[in-house]
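# Residue-level structure breakdown
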Amino acid sequence: MKLRLILGDQLSRSISSLADVDPQRDIVLMCEVRAEATYVQHHKKKIAFVFSAMRHFAAELAEQGLPIQYVKYDDANNSGSLIGELSRAALQGDFDEVIITAPGEYRLQAEMESWSARLGLPVTLREDDRFLCKASEFAEWAAGRKQLRMEYFYREMRRKYSVLMGPDGPVGGQWNYDAENRKPPAEGLDVPQTYKVQPDDVTQEVMALVEQHFATHFGDLSPFHFAVTRAQALAAFDAFITGRLALFGDYQDAMIEGEPWMYHSHIGLYLNCGLLTPLECIERAEAAYHAGEAPLNAVEGFIRQILGWREYVRGIYWLKMPDYKAANFLEVKRALPDFYWTGETQMNCMRQCIAETRQNAYAHHIQRLMVLGNFALIAGLAPEDVNTWYLLVYADAYEWVELPNVTGMILFADGGLLGSKPYAASGAYINKMSNYCGSCSYKPTVKNGPKACPFNYLYWDFVGRNEAKLRANPRMGLVYRSFDRMSEEKHQAIRDDSRRFFNALEADEKV
Ligand code: FAD
Ligand code: DLZ
Ligand code: SF4
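Here is a short report on the structure shown in this document.

Calculation criteria
Within each chain, residues carry numbers counting from 1 in the order of the written sequence. As a convention, the first chain written is A and the first ligand written is 1, with the rest following in written order. Two thresholds apply to this predicted model, a pLDDT of at least 70 for residue-level local features and 80 or more for giving and counting side-chain atom pairs, whereas whole-chain, interface and lining totals are computed over all residues. Water and hydrogen atoms play no part in the side-chain values, which are based on all heavy atoms of the structure. If even one non-hydrogen atom of a residue comes within 4 Å of a molecule or strand, that residue is called near it. Think of a polar contact as two N or O atoms within 3.5 Å of one another; within protein, one of them needs to be a possible hydrogen donor and the other a possible acceptor, and neighboring residues in sequence only count if both atoms come from side chains. For accessible areas, the Shrake-Rupley method is used with a probe of radius 1.4 Å. Any residue's cover is judged against the shown protein chains and nothing else. For the purposes of this entry, the term helix denotes a DSSP run of H or I that reaches at least four residues, the term strand denotes a run of E that reaches at least two, and both are numbered from the N terminus. Summary of the burial criterion: residues with accessible area below 20% of their type's maximum are buried, those above 50% are exposed, and those between are partly exposed, where the area comes from a 1.4 Å probe applied to protein chains only. Two strands pair if DSSP finds at least two bridges between them. A fitted line through C-alpha atoms serves as each axis, taken over the contacting stretch for helices, and the angle formed by two N-to-C directions is quoted from 0 to 180°. Two residues qualify as a contact provided that any one of their heavy atoms is within 4.5 Å of a heavy atom in the partner residue. In this analysis, a patch consists of residues with relative accessible area above 30% that form no salt bridge, clustered at 9 Å for like charges and at 5 Å for the nonpolar side chains Val, Leu, Ile, Met, Phe, Trp and Tyr. Within this document, salt bridges are pairs made up of a side-chain nitrogen of Lys or Arg and a carboxyl oxygen of Asp or Glu, the two lying within 4 Å of each other. His is not counted here, nor are the chain ends, while Lys and Arg score as positive and Asp and Glu score as negative. For this purpose, a charge sits on NZ of Lys, CZ of Arg, CG of Asp or CD of Glu. The definition of a nonpolar core used throughout is a set of buried Ala, Val, Leu, Ile, Met, Phe, Trp, Tyr and Cys residues joined through side-chain atoms within 4.5 Å.

Further remarks concern the site of ligand 1. In the region of ligand 1, 29 residues are neighbours, and H264, S265, H266, N272 and Y362 sit closest. Measuring from an oxygen atom of ligand 1, one finds a side-chain N or O atom of H264 at 2.7 Å. Contact distances for ligand 1 include 2.9 Å between a nitrogen atom and a side-chain N or O atom of N405. Contact with the protein chains covers 99% of the free accessible surface of ligand 1, which is 810 Å².

Pasting the structure below:
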């Protein structure tokens, strides 16, 4: 007789912990607990999404005849923690084992090490085989390599799963079609709406609960339109394949004011909680290419995100934890400015991306990377604060995917393990890839002085401040050559503007 625990991000019928479930003898436990809902102060929409998806999944398992025990958040006997609920459930039968699919976060895995002793029962952690590369396989790939470049990992994954492969190698002759991607936003684009579901009774009950118990958490709860069942998540993905995939590559990096969803898929939250599996999404996208529904640059670019980046960052996470969490290569410590919560800043790009994050618990990759993340990098924000922010504001955020993207990709806090150089950029990049600058108080073409775009002088200040750590980086050679060509007066103006900006920030003035 087994006690099987399903976590809130394990909502897949094919999850390994259910593989050999005995409906007559076992108990499948799912519980909404305070510890998981508050280890960071998750966005209200994220909690509502996870709880509603958990409740729908439990109902589906029950319909299939599985012996589900579901503990609601406001159940009078809810102890508030996973181990508390397991202990209560363990008293209800003569269990000989607790079975769990390994959790996504190191924090919880470390906690689970004490559970067997606390329960007086063996606790077996099974591989999470929804991922396409086991942590142990990634470690084998990484062993002995000086550099762990995503591109090479991705090629191996393409071969291993035979994705977009022809008899002589990659379909079309190239592994990567990014040279054809990443166009600036075109005038008059008619961006399709994201897929929306009206909240049903279950979701409405959960929303009332979130409003009652998590009122102080960041984010707007309404309107809520995420999919909360597998069928809905499949429909959301289908809407992407038929309505947006064809232009995914072209506009992958483009940002338009008032268009939070662009041509992205919006499936990260469904993949990460288990409503969709990565392989089915990859196969469906590849089929769309072969059926002539989308061009190769779009399909390859999309598949690379899931088969490449998603698996790669997870591999890095398990390879490098727990030390990765403390990484701070650039030794920065500036506190996260209040405007990351309020959106009250004169920098229009930041204001838009923060407002959309608050509204939707979503921002697309380039908003996360080149606006919100770029500012965090060039302003020298403390990795701990930035990680906490990213982990709580997005509905798709779990530490295994959030931490490498923040510590590695945006902050260069791992010293170049994940990216070969910092993703720092001045206002020119944002001006080229968005229409944010047109309605900004600052001017992207002005480099110094009160009207100058802060990204301009902060970028060069970042380059100057971090010279000792970055000049030797071969990929920074060009940048330092430009820096060296600047006059001393120019260097002084950059330092003065940056000091003025940071002083204003510290004095809580609106920057
Ligand atoms: P699309 O652009 O349509 O891409 C399709 C899928 O590819 C995504 O759903 C996701 O599963 C995968 N993917 C794309 N890029 C990445 C990446 N860099 N790492 C891992 N998977 C990727 N993604 C998360 O799932 N959770 C996070 O907490 C998260 N935090 C991020 C923080 C920062 C600073 C940055 C720069 C990126 C972060 N990402 C995170 C990656 C990426 O931004 C999101 O996966 C994506 O924006 C989700 O939206 P989408 O489903 O529309 O993605
Ligand atoms: C994210 C989340 C939230 C908000 N709440 C719960 C919960 O109440 N019960 C649960 O089992 N899981 C929840 N989760 C998902 C977990 O935090 C997730 O399983 C771990 O972070 C490991 O990835
Ligand atoms: Fe952002 Fe600078 Fe453009 Fe303003 S001018 S929107 S701060 S990049």
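So, on to the site of ligand 2. The immediate surroundings of ligand 2 are formed by 19 residues, with D9, C31, V33, E36 and R107 found nearest. Backbone polar atom of V33 to an oxygen atom of ligand 2: 2.8 Å apart, as the coordinates give it. In the environment of ligand 2, an oxygen atom lies 3.1 Å from a nitrogen or oxygen atom belonging to the side chain of E105. Contact with the protein chains covers 100% of the free accessible surface of ligand 2, which is 490 Å². Of all the secondary-structure elements, those providing two or more residues to the shell around ligand 2 are α1 (34-38), α2 (44-63) and α4 (106-112). Per-element tally for the shell around ligand 2: the top contributor is α2, with three residues.

Before going further, it helps to spend a moment on the pairing of strand β4 (residues 97-101). Burial of β4 is extensive: five of the five residues sit out of reach of the surface. Residues E97, I99 and T101 line one face of β4 and the alternating positions V98 and I100 line the opposite face, and both faces are buried. Pairing geometry for strand β1 (residues 2-5) and β4, over four bridges, is parallel. Residue pairing for β4: K2 is matched across the bridge by E97. Here four bridges tie β4 to strand β5 (residues 123-126), and the two strands are oriented parallel to one another. Bridge pairing links I99 to T124 in β5.

One open sheet accounts for five strands, arranged β3-β2-β1-β4-β5; its pairing is parallel. Two strands in the sheet have a free side with no partner beyond their single neighbour: β3 (68-71) and β5. Strand after strand, the sheet turns through a mean of 25° between neighbouring axes, direction not considered. Here β1 runs beside strand β2 (residues 27-31); their pairing, made up of three bridges, is parallel. The residue bridging L3 from the neighbouring strand is I27, located in β2. Running over the sheet, α2 touches β2 and β3 and is turned about 160° from β3.

Below, the discussion takes up a negative patch on the surface. Negative charge collects at one region of the surface, where D338, E344, D508 and E509 lie side by side. Examined against the element boundaries, E509 turns out to sit in the segment after α23 (488-506).

Throughout the structure, instances matching the rule amount to 35 salt bridges. Its salt-bridge partner being E300, residue R304 comes within 2.8 Å of it at the nearest N-O pair. In this pair, R304 and E300 are both assigned in helix α13 (residues 296-320), four residues apart and thus about one turn of the helix distant. Accessibility classification places R304 together with E300 in one group, the buried group. Connected through salt bridges with shared partners, the residues R158, D178, R182, D253, E300 and R304 form a single ionic network.

In this structure, F49, F51, L245, Y270, Y340, M350 and F375 are the most contacted members of the largest nonpolar core, which totals 153 residues. A total of 11 residues in this core trace back to one element, the largest contributor, which is α13. Discounting chain neighbours no more than four positions away, the residues touching L245 are F240, A285, A288, A294, A298, V299 and F302. Core analysis: the next-biggest nonpolar cluster, separate from the first, contains 21 residues, L3, V71, F95 and I100 among them.

Here H42 is to be found in the loop between α1 and α2. Within the local environment of H42, its side chain forms a polar contact with the backbone oxygen of E36, the two atoms lying 3.0 Å apart. Non-local contacts of H42, meaning those with residues more than four positions away in its chain, are made with E36, A37, I47, H217, F218, L391 and L392.

By themselves, these observations are geometric and do not establish any function.
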